[in-house]
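One-letter residues, chain by chain:
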Amino acid sequence: MKSEKLEIIESVFDRVNGKYFHGEVERPVFRVSNRMKRRAGQVNLSRWEMTISIPYHDRYGWDGELENTTKHEIIHLFLRQTGKPSGHNKLFREIANRIDAPYYSREMPQTSFRYVFECPKCKREYKARKWIGGRYSCGKCSNGRFDKRYILVIREILR
Ligand SMILES: [Zn+2]
Ligand SMILES: [Zn+2]
């Protein structure tokens with residue numbers, strides 16, 4: 001039986017693929033990882049797999065942030081499928097800009113948090129080790145894209 005998370009990942013992939021790549025990117029094998037803690041996701045181009053970090057998305061959300069991760073990873077797949085260099089190169093950046101995909105994952109906390117930010121609308125809290133003011137909008141309210149209206153605001157400074 002397929003896990004619920006894999007089904008979510010699959011449907012997000014299909015949606016992103018359809019919306020930005022005419023559905024032309026070949027569906028990878030989807031995997032989830034509990035051990036992947038520093039990165040949001042990764043692709044294995046020889047096995048044609050896309051692996052999604054569970055801890056990362058437990059922290060940043062399985063909605064908008066998963067879409068961001070998928071947008072990033074699908075660019076790698078698209079580049080490979082079309083015979084182009086598939087790393088974090090100039091072309092990657094161009095596509096990322098065009099479809100509003102993140103170039104980097106958000107940083108995962110290694111130690112304790114220093115800041116608590118919150119969404120101005122839904123009040124969901126986002127803990128951070130580094131100052132992230134002005135750079136992120138609420139994943140839940142922004143629906144997967146950066147949205148100025150929901151830029152996180154600082155609520156607490158922990159140390
Ligand atoms: Zn990448
Ligand atoms: Zn929100």
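In the block above lies the structure referred to throughout.
Everything quoted here is computed from the prediction, not taken from an experiment.

Chemist: For this particular structure, what's the right way to read the environment of L66?
Modeler: Tracing the sequence through the fold places L66 in helix α3 (residues 64-81). Taking C-alpha positions, L66 is 9.2 Å from G41, a pair spaced 25 residues apart along the chain. Those residues within four positions of L66 in sequence are excluded, and the remaining contacts are I8, I9, V12, H57 and G61.

Chemist: What should I look at first to understand α3 in this one?
Modeler: Side chains of residues three or four places apart in an α-helix project in the same direction, reflecting 3.6 residues per turn. For α3, which comprises 18 residues, the first-to-last C-alpha distance of 25 Å matches the rise-based estimate of 26 Å (1.5 Å per residue) to within 8%. With 15 of 18 residues buried, α3 lies mostly within the body of the structure. One or two residues past the end of α3 sits G83, with phi positive at roughly 75°.

Chemist: Can you help me understand the pairing of strand β6 (residues 153-157) in this one?
Modeler: In regular strands, side chains alternate between the two faces of the sheet. Taking burial as the measure, the five residues of β6 include zero buried ones, a minor fraction of the element. The sheet contact formed by strand β4 (residues 115-118) and β6 spans four bridges and is antiparallel. Across the sheet, residue Y115 finds its bridge partner in β6, namely I157.

Chemist: It is not clear to me how the sheet that holds strand β3 (residues 49-53) should be interpreted in this structure. Could you clarify?
Modeler: Sheet strands line up and pair through hydrogen bonds in the backbone, either parallel or antiparallel. Pairing within the open sheet is mixed, and its three strands lie in the order β1-β3-β2. Each having just a single partner strand, β1 (29-33) and β2 (41-44) make up the two edges of the open sheet. Averaged over all neighbouring strand pairs, the angle between strand axes comes to 20°, with direction disregarded. As defined by bridge partners, β2 adjoins β3 across four bridges and the pair is classed as antiparallel. Considered in β3, the bridge of G41 is made with I52. In the packing of helix α1 (residues 4-21) onto the sheet, the strands contacted are β1 and β3, and the crossing angle to β1 comes to about 130°. Contacts from α3 reach β2 and β3 within the one sheet, and its direction differs from that of β2 by about 20°.

About the criteria used
- Residues numbered from 1 in each chain as written.
- Chains lettered and ligands numbered in written order.
- Predicted model: local features only at pLDDT ≥ 70, side-chain atom pairs only at ≥ 80, totals over all residues.
- Helix = DSSP H or I, 4+ residues; strand = E, 2+ residues; numbered from the N terminus.
- Contact = placed C-beta atoms within 7 Å.
- Expected span 1.5 Å × (residues − 1).
- Buried ≥ 20, exposed ≤ 12 C-beta atoms within 10 Å, placed from the backbone.
- Pairing = 2+ DSSP bridges.
- Axes fitted to C-alpha atoms, helices over the stretch in contact; angles between N-to-C directions.

Remember, this is a structural readout, not a statement about activity or role.
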